[in-house]
Protein chains: 2
Amino acid sequence: MSELESVLAHIDSHVEDALERLFEVLRIKSISTDPAFADQCRACAEWHAKDLASIGFKASARDTPGHPIVVGHDRSGNGHSVLFYGHYDVQPVDPLELWDHDPFAPFLETRADGSRAIRARGASDDKGQVMTFIEACRAWKAVTGKLPIPVSILLEGEEESGGVNLPPFLKANAGELRADVGLICDTSMWDPKTPAITTMLRGLCGEEIVVTGPDRDLHSGFYGSAAVNPNHVLARILADLRDADGRVTIPGFYDGVPELPEVLREQWEKLHFDPKAFLGAVGLSVPAGERGRTALEMIWSRPTCEVNGMGGGYQGAGFKTVIPSRASAKVSFRLVFDQDPHAIRAAFRDFVRARVPADCKVEFFEHGAGRAIRFPIDAPAFERTRQALTVEWGREAAYIGGGGSIPVTHELKSALGMDVILAGFALDDDRIHSPNEKYDLVSFHRGMRSWARILHSLASS
Amino acid sequence: MSELESVLAHIDSHVEDALERLFEVLRIKSISTDPAFADQCRACAEWHAKDLASIGFKASARDTPGHPIVVGHDRSGNGHSVLFYGHYDVQPVDPLELWDHDPFAPFLETRADGSRAIRARGASDDKGQVMTFIEACRAWKAVTGKLPIPVSILLEGEEESGGVNLPPFLKANAGELRADVGLICDTSMWDPKTPAITTMLRGLCGEEIVVTGPDRDLHSGFYGSAAVNPNHVLARILADLRDADGRVTIPGFYDGVPELPEVLREQWEKLHFDPKAFLGAVGLSVPAGERGRTALEMIWSRPTCEVNGMGGGYQGAGFKTVIPSRASAKVSFRLVFDQDPHAIRAAFRDFVRARVPADCKVEFFEHGAGRAIRFPIDAPAFERTRQALTVEWGREAAYIGGGGSIPVTHELKSALGMDVILAGFALDDDRIHSPNEKYDLVSFHRGMRSWARILHSLASS
């Protein structure tokens with residue numbers, strides 16, 4: 001039995017132990033965006049530092065102005081080095097009433113077809129995925145006493161909340177963190193049977209706006225129509241953001257957005273993406289974005305603007321005839337190719353200001369910015385990883401695009417000069433950021449096996 | 001000393017006692033729109049029934065499918081009868097953090113200029129105003145052993161929440177409740193020195209709409225622009241409700257809305273309404289409604305549409321890149337002259353449906369409907385009331401319009417055939433429906449004296 005085969009066998013015979021460790025992490029309420037959970041974020045970072053130390057990593061939870069960043073190193077291997085990035089924070093859980101269970105009481109669910117899934121907030125995004133890599137390292141250490149290559153691990157605690165403290169941390173610790181290639185496990189398979197490496201990711205620009213009109217809530221009977229209503233002002237701004245063809249109307253928004261290169265278009269066509277199934281899975285049938293674009297373009301290669309939250313006035317039970325003093329919205333832009341998030345933020349603010357009447361004021365709050373990113377799929381490490389995935393899953397692994405933003409990919413590139421291999425085992429039905437998030441046991445198990453293989457294959461680079 | 005003078009003197013010497021009773025009512029959290037406060041609504045109704053019985057009314061809290069309705073009769077007087085209507089329920093208190101004190105812990109505040117105000121939710125709307133009338137009756141009974149005329153009192157518990165149970169109650173008890181004229185104390189003075197009778201009130205049509213798109217909350221990275229976003233759909237609908245000139249765009253909305261009759265226009269001009277002061281008091285300066293209309297027209301004689309509440313997606317601290325499954329809004333229309341609330345509701349629903357894409361569904365929830373109303377100011381009871389107010393306040397009382405809706409005025413007219421005299425002592429800065437509601441002690445004290453005079457003057461009809 002080869003070393004690799006022994007490691008895979010070790011993983012197979014220790015799935016229960018790996019699950020128990022994952023459940024421990026999942027029980028920690030590391031919601032980074034809500035200050036009320038700061039202690040839980042720290043607890044999660046410390047859990048990871050201790051766990052990494054237990055398998056021989058030199059690891060610690062390092063302070064930042066926000067939540068800690070976990071860094072661990074294991075130099076027991078030789079050759080080309082990797083830096084694995086993951087995040088230990090999770091999205092908020094509201095609306096809590098839509099969960100079928102406690103989001104922080106993980107359990108293994110057996111479905112009607114006999115398949116099993118890990119159920120909890122963070123099961124897929126990103127705690128379950130992070131542990132696939134750590135468990136692969138643990139197995140290599142247990143079986144061979146070392147790792148195939150030098151491995152550094154960096155776990156962030158603010159991926160879901162803007163991540164403003166990571167870039168300065170990377171710059172300040174560039175010498176320590178730099179490796180030959182980055183690895184990230186925060187993406188999805190192409191489909192439940194086809195592994196994938198994501199080589200194109202959209203960027204993100206998040207903004208919160210607060211429109212204030214009257215200096216107090218007013219009775220709409222006394223003031224209705226005479227007093228400006230911030231709900232109306234905000235609705236007008238949000239409605240104006242897209243035209244009848246679904247295009248974003250902010251001047252200059254499409255600067256740096258080319259048509260999809262022919263080579264990518266051809267590659268994507270081979271994937272036989274089924275928009276009906278994609279939308280059908282969430283109860284929809286009609287692509288809602290730019291007219292004349294395919295659904296795959298919309299989510300991979302076209303920018304967009306989404307109102308992620310809005311609110312103003314009375315939202316409780318019953319009715320209250322109020323003109324609210326203020327109304328607010330959280331708006332995010334997904335960016336592609338060479339769009340500049342800072343230019344778009346500035347253009348958005350101008351766009352909003354132009355629509356705020358003299359009697360209202362508007363405030364802006366920044367929530368993260370990251371450019372879109374593309375990686376060179378002709379680099380050897382990419383192809384070795386793809387081969388390892390292909391062998392593990394028995395199906396040709398695909399190079400794909402991704403609609404979500406992982407700003408750190410850009411930061412790793414700019415601060416450390418590293419390309420990043422994005423290989424993940426999430427599935428489209430994992431309900432990440434939604435109630436009832438899950439991670440298939442198959443994703444977890446074969447994810448661990450995949451990383452064990454990838455570490456082995458990268459050793460021969 | 002005449003009987004009336006004795007009654008007024010009695011009121012003057014018992015203000016403290018009257019305040020203590022009012023504070024008792026103000027401590028009861030009778031928020032009718034929120035089912036969590038149903039017990040408190042009942043408690044408030046029962047408090048009133050007991051209080052009325054204590055001064056010789058035959059009174060009880062009567063069950064309805066909603067909150068109880070209090071009815072009391074005192075037939076000790078002779079001549080033309082009156083039915084006094086008030087409501088014992090109050091608006092919700094959120095946002096609670098904007099209150100300077102507990103909304104249900106009433107107290108008397110002394111201001112820098114030495115004037116005093118009663119502070120609590122409902123102090124003005126409508127508990128304080130209701131008690132001005134009841135205290136006037138109490139004083140008449142205490143001094144003379146009877147009332148000048150036959151008086152019935154009806155106190156509703158659902159005025160702030162649609163009031164659907166009142167019309168059938170009026171119809172079912174028409175014989176018992178019918179009187180020669182109705183009296184309501186739920187309106188404002190023209191200014192702090194000028195008493196007023198409101199003879200024109202806008203109607204109301206309230207609607208709640210819920211737009212549902214995807215069957216769960218989605219990650220905007222994966223689904224952004226491909227999946228329809230209910231926030232965008234709702235913002236578009238709400239923005240479309242008014243055009244660039246501030247006119248409501250729902251087809252047929254202005255049916256039954258004439259230009260202001262010349263006689264009224266002349267009368268209103270004499271009031272020297274100051275739009276700058278009106279808007280300036282709430283931190284505004286520009287009338288926001290229909291272009292070319294005066295602010296007084298906007299609030300008294302023009303219809304409007306206000307988004308009283310809207311919400312969708314993540315509204316907590318931080319940021320969440322979600323496409324929400326649903327978004328909702330509460331929209332109300334203030335109606336004038338002959339606008340039909342039911343026709344407007346139907347037209348609004350058509351308007352909304354026409355803007356909901358195929359992939360979304362929309363649900364509608366009805367929240368009240370009442371036509372606008374005008375009363376004949378040439379009827380003797382109106383003029384007698386105006387004279388009584390003029391004497392009490394030492395300033396000519398004005399006939400004015402009102403922006404708010406008091407649907408019961410229409411119901412009293414249609415179910416009982418009664419005209420209603422709307423005389424109230426609220427002030428524009430009472431912050432009703434807002435945090436820190438108050439009622440001036442002068443309003444309370446002279447309000448009691450005003451009703452004592454009005455009861456006396458109506459006896460000579």
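Here is what the cut-offs are and how they apply
The residue numbering used here restarts from 1 in each chain and proceeds along that chain's sequence as written. Chain A is the first chain written and ligand 1 is the first ligand written, with later ones labelled in order. Per-residue local features of the predicted model are confined to residues with pLDDT of at least 70, and side-chain atom pairs are confined, for both listing and counting, to 80 or more; whole-chain, interface and lining totals are unaffected and use all residues. Side-chain numbers here rest on the full set of heavy atoms in the structure, without hydrogens or water. Runs of E in the DSSP output that reach at least two residues are strands. Runs of H or I that reach at least four are helices, and both are numbered from the N terminus. Our radius of gyration looks at C-alpha atoms and nothing else; its globule reference is 2.2 Å times the residue count to the power 0.38. Contacts are assigned to residue pairs with any non-hydrogen atoms lying within 4.5 Å of each other. Think of it this way: DSSP has to see at least two bridges between two strands before they count as a pair. Throughout, an axis means a line fitted to C-alpha atoms (over the contacting stretch in the case of helices), and angles, computed between N-to-C directions, take values from 0 to 180 degrees. Summary of the burial criterion: residues with accessible area below 20% of their type's maximum are buried, those above 50% are exposed, and those between are partly exposed, where the area comes from a 1.4 Å probe applied to protein chains only. Pairs of N or O atoms are called polar contacts if they sit within 3.5 Å, as long as, within protein, a hydrogen donor faces a hydrogen acceptor (for residues adjacent in sequence, only side-chain-to-side-chain pairs). To superpose the copies, least squares is applied to the C-alpha atoms of every residue with a pLDDT of at least 70 in both. All the domain ranges listed were derived from an automatic or database domain assignment. Accessible-area loss on putting two parts together, using a 1.4 Å probe and summing over both, is the definition of buried area adopted here. Within this document, salt bridges are pairs made up of a side-chain nitrogen of Lys or Arg and a carboxyl oxygen of Asp or Glu, the two lying within 4 Å of each other. UniProt positions are given in the numbering used here, feature names are shortened, and annotations may be inferred rather than shown by experiment.

(A) Looking closely at the overall build of chain A. A tally of helices and strands in chain A yields 15 helices and 18 strands. For a compact globule of 461 residues, the expected C-alpha radius of gyration is about 23 Å, and chain A comes in at 23 Å, within 12% of that figure. Along the first, second and third principal axes, the C-alpha set of chain A runs to 80 × 50 × 50 Å. In chain A, the proportion of contacts linking residues at least 24 apart, taken out of those at least 6 apart, comes to 78%.

(B) Just the sheet that holds strand β5 (residues 116–119) of chain A, in detail. Residues and elements named next belong to chain A. Within the open sheet, the 3 strands sit side by side as β4-β5-β18. Their pairing is antiparallel. The open sheet has two free edges, formed respectively by β4 (107–110) and β18 (438–440), since each of these has just one partner strand. Neighbour to neighbour, the strand axes of the sheet diverge by 30° on average, direction disregarded. Two elements, β4 and β5, share 4 bridges in a ladder whose sense is antiparallel. Bridge pairing in β5 links L108 to I118. Taken strand by strand, helix α2 (residues 15–26) contacts β4 and β5, and its axis lies near 30° from that of β5.

(C) Focus on the environment of D215(A). Relative to the helices and strands, D215(A) resides in the loop between β9 (203–212) and β10 (218–219). The exposure class of D215(A) is partly exposed, given its relative accessible area of 46%. Ignoring anything within four residues of it in the chain, the contact list for D215(A) reads S325(A), A281(B), V282(B) and G283(B). A polar atom in the side chain of D215(A) sits 2.9 Å from the side chain of R216(A).

(D) Quick look at the relation of the copies chain A and chain B. Once chain A is rotated about the relating axis by 180° and shifted along it by 0.0 Å, it coincides with chain B to within an RMSD of 0.1 Å. Here the copies are linked by what is in effect a two-fold axis. Of all interface residues in chain A, 100% are interface residues in chain B too; the two copies therefore contact each other through one and the same surface.

(E) Structural context of the domain arrangement of chain A. Residues and elements named next belong to chain A. Examined at the domain level, chain A breaks down into domain 1 (3–201 + 372–459) and domain 2 (203–257 + 303–370). On a C-alpha basis, the centroid separation for the pair domain 1 and domain 2 is 35 Å. Taken residue by residue, the interface counts 8 residues in domain 1 and 9 residues in domain 2. Both faces considered, domain 1 and domain 2 share a buried interface measuring about 710 Å² in area, 54% of it formed by carbon and sulfur atoms. If you sort the residues of domain 1 by the area they bury against domain 2, A372, R374 and S405 come out on top, with a joint share of 59%. Between the two partners, domain 1 and domain 2, sit 1 salt bridge. At the boundary of domain 1 and domain 2, one finds 0 residue pairs in polar contact (both at pLDDT 80 or more).

(F) Region of interest: the UniProt feature "domain: Peptidase M20 dimerisation" (unreviewed entry) in chain A. With numbering matched to this structure, UniProt assigns "domain: Peptidase M20 dimerisation" (unreviewed entry) to residues 201–358 of chain A. Across residues 201–358 of chain A, helical content stands at 30% and strand content at 22%; the span's end C-alpha atoms are separated by 40 Å.

(G) Here's a closer look at the interface of chain A and chain B. Each partner contributes residues to the interface: chain A has 88 residues there, and chain B has 88 residues. Between chain A and chain B, a total of about 7,700 Å² is buried, with carbon and sulfur atoms accounting for 53% of that surface. Linking chain A to chain B there are 0 salt bridges. At the surface where chain A touches chain B, the tally comes to 54 residue pairs in polar contact (both at pLDDT 80 or more). If you tally residues by element for the side of chain A that touches chain B, the top one is strand β11 (residues 304–313) of chain A, at 10 residues. Across 5 bridges, β11(A) lies against strand β11 (residues 304–313) of chain B in antiparallel orientation. Directly across from G313(A), in β11(B), lies its bridge partner G309(B).

(H) Structural view of the side chain of R449(A). Summarising the element assignment, R449(A) is placed in helix α15 (residues 441–459). Apart from the residues within four sequence positions on either side, R449(A) is in contact with L8(A), I11(A), D12(A) and E392(A).

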